Amino acid sequence: SAEQRSAMESVIRDYLLKNPAIIRDAMQRLQAQEEAAKKAAAATALKDHRNELLHDASSPVGGNPAGDVTIVEFFDYNCSYCKRAAATVKALIKSDPNIRVVYKEFAILGPPSVLAAKAALAAQRQGKYVPFHGALMSSGRATDSTIAALAKNLGMDYGKLLKDMKDPAISKTLQRTYRLAGLLGINGTPAFIIGNQLVPGAISADALARMVRAERARLKAAPARK
């Protein structure tokens, strides 16, 4: 009855007021459950979309294309953390010649970022993606003038670059990356994927190297388990 319901609500209210820690504990448990669900969903997405992550023909590849361990990086050229991470990845490639890097242009910081991503993907058509990517990451904020200057310094055909940037295929590549990031629960930059691990945010050189070693060991041990 309405009276019974009102009495029960009153009892519950009084109990919670006298024991507020219960609310905190419930919220912590809910948060833990949501985090676990996100990790499970990401793990499933990593498995389901592994081929798109590792072998999408439109995604530029750096390092050793035949390397035994692949690092997939989602990034934005106007992200300061991505610029730091770029130096970390570059150093790792230099120290480990068996690293393969797949670059995912995840331009989420506004129109200038989209412009830079399109320019980088267009540079790929002139065989200049890796140096262009490195130059953009080493420069300040990516702008039209920045892109023009970098293209000139790298001896690129700037007119062709501008034309290729307008190609709908490049916009489709960006849209596929947005969709893939959404499926994986990636909503910020940088984000790294190595094997079955997804690491959001910046990562230290030591931590990245450890992940690579662990993945290499896992791959070497895999045939023995079959």
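Just above, that's the structure.
Because the structure is a prediction, the values reported are computed rather than measured. (Residues numbered from 1 in each chain as written. Predicted model: local features only at pLDDT ≥ 70, side-chain atom pairs only at ≥ 80, totals over all residues. Heavy atoms only, no water.)

Is there a simple way to think about the side chain of Asp-76 in this case?
With respect to the helices, strands and loops of the structure, Asp-76 is situated in the loop between strand 2 (69-75) and helix 4 (80-95). Arg-141 is the oppositely charged side chain nearest to the buried, salt-bridge-free Asp-76, at an N-O distance of 6.8 Å. Polar contacts involving the side chain of Asp-76 include one to the main-chain amide nitrogen of Leu-109, which spans 3.0 Å. What Asp-76 contacts, discounting residues up to four positions off in sequence, is Cys-82, Phe-106, Ala-107, Ile-108, Leu-109, Ser-113, Met-137 and Thr-189. (Helix = DSSP H or I, 4+ residues; strand = E, 2+ residues; numbered from the N terminus. Buried < 20%, exposed > 50% of the residue type's maximum accessible area, 1.4 Å probe, protein only. Lys, Arg positive; Asp, Glu negative; His and termini not counted. Salt bridge = Lys/Arg side-chain N within 4 Å of Asp/Glu carboxyl O. Polar contact = N/O pair within 3.5 Å; in protein donor to acceptor, adjacent residues only side chain to side chain. Contact = heavy atoms within 4.5 Å.)

Looking at this structure, how should I read the pairing of strand 5 (residues 197-200)?
Side chains on a regular strand alternate between the two faces of the sheet. In this structure, strand 4 (residues 191-194) lies alongside strand 5, joined through four bridges in antiparallel fashion. Within strand 5, the residue paired with Phe-192 across the bridge is Val-199. Between strand 4 and the antiparallel strand that follows it, strand 5, lie two residues; Gly-195 among them carries a positive phi value of about 65 degrees. (Pairing = 2+ DSSP bridges.)

Sorry, what's going on with the sheet that holds strand 3 (residues 99-105) here?
Strands belonging to one sheet form pairs held by backbone hydrogen bonds; the direction of such a pair is parallel or antiparallel. Taken in spatial order, the five strands make up an open sheet running 1-3-2-4-5, and their pairing is mixed. Each edge of the open sheet carries a strand with a single partner, namely strand 1 (61-63) and strand 5. The mean angle between the axes of side-by-side strands here comes to 25 degrees, regardless of whether they run parallel or antiparallel. Here strand 2 pairs with strand 4 via four bridges, running antiparallel. Paired with Val-72 across the two strands is Ile-193, which belongs to strand 4. (Axes fitted to C-alpha atoms, helices over the stretch in contact; angles between N-to-C directions.)

Is there a simple way to think about empty space enclosed by the protein in this case?
Empty space among the atoms becomes apparent when a probe as large as a water molecule is rolled across them. Scanning the entire structure with this criterion turns up one cavity of 30 Å³ or more. Volume-wise, the largest cavity comes out at about 30 Å³. Taken together, Glu-52, Asp-56, Ser-58, Ser-59, Lys-104, Thr-173, Arg-176, Thr-177 and Leu-180 make up the full set of residues lining the largest cavity. Residue contributions to the lining of the largest cavity peak at four residues, all from helix 9 (residues 168-184). Among the residues making up the lining of the largest cavity, the classes are represented as one nonpolar, four polar and four charged. (1 Å grid on protein atoms, 1.4 Å probe; cavity = no way out; pocket = protein on both sides within 12 Å on 5 of 7 lines; lining within 4 Å. Points joined across faces, edges and corners; volume = space filled by probe spheres on them. Nonpolar A, V, L, I, M, F, W, Y, C, P; charged D, E, K, R; others polar.)

Would you take a moment to explain the pattern of salt bridges for this structure?
When the charged atoms of two side chains lie near each other, side chains of opposite charge can form a pair. Across all of its chains, the model carries nine salt bridges by this definition. Close ionic contact of Asp-164 with Arg-125 constitutes a salt bridge, the shortest N to O distance being 3.7 Å. One end of the pair, Asp-164, is in helix 8 (residues 158-165); the other, Arg-125, is in the loop between helix 5 (111-124) and helix 6 (129-138), and 39 residues separate them in sequence. On the basis of relative accessible area, Arg-125 is assigned to the partly exposed category, the value being 38%. Given the relative accessible area of 8%, Asp-164 is considered buried.

Quick question: what am I supposed to make of the nonpolar core here?
Soluble globular proteins tend to bury their nonpolar side chains together. Core analysis: the biggest nonpolar cluster contains 43 residues, and Ile-71, Tyr-77, Phe-132, Leu-136 and Leu-161 have the highest contact counts within it. Examining the composition of this core, we find that seven residues originate from one element, helix 5, more than from any other. In contact with Ile-71, other than residues within four places in its own chain, are Leu-92, Ile-99, Arg-100, Val-101, Val-102, Phe-192, Ile-193, Ile-194, Leu-208 and Val-212. In terms of nonpolar packing, the next biggest core, distinct from the first, is built from 14 residues, Phe-74, Val-102, Phe-106 and Ile-186 among them. (Core = buried A, V, L, I, M, F, W, Y, C linked by side-chain atoms within 4.5 Å.)

Which parts of the structure should I look at to understand the layout of surface pockets?
Taken as a whole, the largest pocket spans an internal volume of roughly 450 Å³. As for the largest pocket, its lining consists of 21 residues, of which Lys-38, Ala-42, Leu-184, Gly-185 and Leu-198 are closest to the centre. Listing elements by their share of the lining of the largest pocket, those giving two or more residues are helix 2 (21-48), helix 9 and strand 5. Ranked by residues supplied to the lining of the largest pocket, first place goes to helix 2 with seven residues. Taken together, the residues of the lining of the largest pocket sort by class into 11 nonpolar, seven polar and three charged. Taken as a whole, the second largest pocket spans an internal volume of roughly 280 Å³. Along the wall of the second largest pocket there are 15 residues; nearest its centre are Ala-86, Lys-90, Val-130, His-133 and Gly-134. At the level of elements, strand 1, helix 4 and helix 6 are the ones that each hand at least two residues to the lining of the second largest pocket. If you tally residues by element for the lining of the second largest pocket, the top one is helix 4, at six residues. Here the residues of the lining of the second largest pocket sort into seven nonpolar, five polar and three charged.

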